[in-house]
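Take a look at the letters that make up each chain.
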Amino acid sequence: MGRRSFLKTAALATLGTTLSAPYVMRAEGPSKLKIAIIGAGGKGKSDADNMKGEDIVAICDADDRRCEALRKELPNVPYYRDYRVLLEKVKDLDGVVVSTPDHHHALAAMLAIERGLHAYVQKPLVRTVWEARQLREAANKYGVASQMGNQGYSNEGTRQAAE
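Residues numbered from 1 in each chain as written. Predicted model: local features only at pLDDT ≥ 70, side-chain atom pairs only at ≥ 80, totals over all residues. Heavy atoms only, no water.

S.K.: In this structure, what is going on with the side chain of Thr100? I would like to understand it.
M.R.: With respect to the element layout, Thr100 can be found in the loop between strand 4 (95-98) and helix 5 (105-113). With residues near it in sequence (within four places) discarded, Thr100 still touches Ile38, Gly39 and His105. (Helix = DSSP H or I, 4+ residues; strand = E, 2+ residues; numbered from the N terminus. Contact = heavy atoms within 4.5 Å.)

S.K.: Just checking my understanding: could you explain the sheet that holds strand 4 for this structure?
M.R.: Sheet strands pair by backbone hydrogen bonding; their relative direction is either parallel or antiparallel. Here we have six strands laid out as an open sheet, ordered 3-2-1-4-5-6, and parallel in their pairing. Each end of this open sheet is capped by a strand with a single partner; those strands are strand 3 (79-80) and strand 6 (146-148). Judged from the five bridges that link them, strand 1 (residues 34-38) and strand 2 (residues 55-60) form a sheet pairing that is parallel. Its bridge partner being in strand 2, Ile38 is matched across the sheet by Cys60. Of the strands in this sheet, strand 1, strand 4, strand 5 (118-121) and strand 6 are in contact with helix 5, which crosses strand 4 at around 180 degrees. (Pairing = 2+ DSSP bridges. Axes fitted to C-alpha atoms, helices over the stretch in contact; angles between N-to-C directions.)

Shown next, in the form of structure tokens:
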């Protein structure tokens with residue numbers, strides 16, 4: 001794509017967003033997303049804190065001690081030690097936040113995506129190029145959104161700027 005084509009496309013996209021904003025802002029907003037936190041200790045705890053505006057319906061961590069703080073904050077939310085069990089048992093989910101140790105990111109995300117769930121996955125998203133391609137193909141096949149965690153682009157200020 002040439003520079004002129006890029007600038008024209010960007011200008012049209014900006015114009016469309018600007019013109020549609022008043023109509024979008026007046027529409028009734030969606031209900032809260034039903035989210036499962038997979039990997040609830042360490043980074044998963046801070047990811048869960050950032051998801052408090054949504055409906056956290058399940059927590060998963062293999063280490064009871066690492067997720068103790070989040071479990072105390074959300075005592076009525078079911079807790080699982082194995083994300084495979086969580087994904088089998090919890091049927092009413094919109095998406096997952098995957099903050100497990102790095103070597104489980106792709107597997108946990110793939111299992112969620114194959115169930116039609118949106119996935120926010122901490123970095124690194126995958127270990128290999130093959131895993132990245134498999135996740136992309138699955139997300140396209142199941143029609144879900146996925147994002148690799150990069151806090152610089154996932155915070156409230158950036159969302160407000162985009163709006």
